[in-house]
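One letter stands for each residue in the lines below.
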Amino acid sequence: MNHPPRIYLIGPMGAGKSTVGRRLADALGLPFEDSDRYIVERTGVDIPTIFDIEGEAGFRKREHDAIRTLTEREELVLATGGGVVTTPANRDLLGARGIVVYLYTPVETQLARTGKDRNRPLLQTEDPRARLEALMAERDPLYRAIADIIIDTRGGTVKSVARRVLKALEEPAGQETQP
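This section reports on the structure supplied with the text.

The rules behind the values
Residues numbered from 1 in each chain as written. Predicted model: local features only at pLDDT ≥ 70, side-chain atom pairs only at ≥ 80, totals over all residues. Heavy atoms only, no water. Axes fitted to C-alpha atoms, helices over the stretch in contact; angles between N-to-C directions. Helix = DSSP H or I, 4+ residues; strand = E, 2+ residues; numbered from the N terminus. Parallel < 35°, antiparallel > 145°, perpendicular 65-115°, else oblique. Left-handed = near helix turned anticlockwise from the far one by under 90°. Contact = heavy atoms within 4.5 Å. Nonpolar A, V, L, I, M, F, W, Y, C, P; charged D, E, K, R; others polar. Core = buried A, V, L, I, M, F, W, Y, C linked by side-chain atoms within 4.5 Å. Buried < 20%, exposed > 50% of the residue type's maximum accessible area, 1.4 Å probe, protein only.

### Digging into the packing of helix α1 (residues 17-28) against helix α7 (residues 158-170)
1) Next: Orientation of α1 relative to α7, taken along the N-to-C sense of each, is 55°, at an axis distance of 9 Å. For the element pair α1 / α7, the angle class is oblique. The chirality of how α1 crosses α7 is right-handed. Contact residues: T19, V20, R23, L24, A27 and L28 in α1; V158, K159, V161, A162, V165, L166 and L169 in α7.
2) Next: When its residues are assigned to classes, the contact of α1 with α7 shows 10 nonpolar, 1 polar and 2 charged.

This is the structure we're talking about:
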């Protein structure tokens, strides 16, 4: 199969970017990276600790450095953090250097997938649903603006979502697929 050498997965927390990304990388014979894991490996501390010490602005700077470095690689499937699109320079890099796949995931699904996860600093709030709704309202237009492919992950397994991404990579750009 002929495929692009750089595939970047974007979308909200709980979209399955890392798990789908690993499966895609295996299927395509490409290396896989997760930008959050890359940051943790470079700093030696978890994401919540970075948020505690440096705030979101500090984390976003680290995230941009990671995106700049990772998108320079010749071949890669990259799972990005949910907020990567809030930095215009990240949107520019992702859009210019590879195929961007938006794993659309509605708030209800995000809640089900992230409800017990304590490693999500932005969800450590009284009302996680309201927070996710606000993040979706802010970020969904940004995801859509740079996406070459949009995949709706509702009701999909990792395997079925990965299969839909693989199929979309073979089709003309700008496709949106439903489950």
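### Notes on the packing of helix α5 (residues 107-114) against helix α6 (residues 128-146)
1) Next: It is at 10 Å that the axes of α5 and α6 come closest, and there the two elements cross at 130°. Judged by the inter-axis angle, α5 sits oblique to α6. Crossing of α5 against α6: the hand is right-handed. Between α5 and α6, the contacting residues are V107, E108, Q110, L111 and T114 on the first element and P128, R129, L132, E133 and M136 on the second.
2) Next: The residue inventory of the contact of α5 with α6, partitioned by class, reads 5 nonpolar, 2 polar and 3 charged.

### Quick look at the nonpolar core
1) Next: With 29 residues, the main nonpolar core has I10, L78, L94 and Y102 as its most contacted residues.
2) Next: Every element with two or more residues in this core is listed here: β1 (6-10), α2 (35-43), α3 (47-70), β3 (76-79), α4 (88-97), β4 (99-104) and α6.
3) Next: Per-element tally for this core: the top contributor is α3, with 7 residues.
4) Next: For Y102, the residues in contact, after removing those within four places along its chain, are I10, G11, P12, M136, D140, Y143, R144, A147, I149, I150 and I151.
5) Next: Residues L28, V101, V161 and A162 belong to the second largest nonpolar core, which totals 19 residues.

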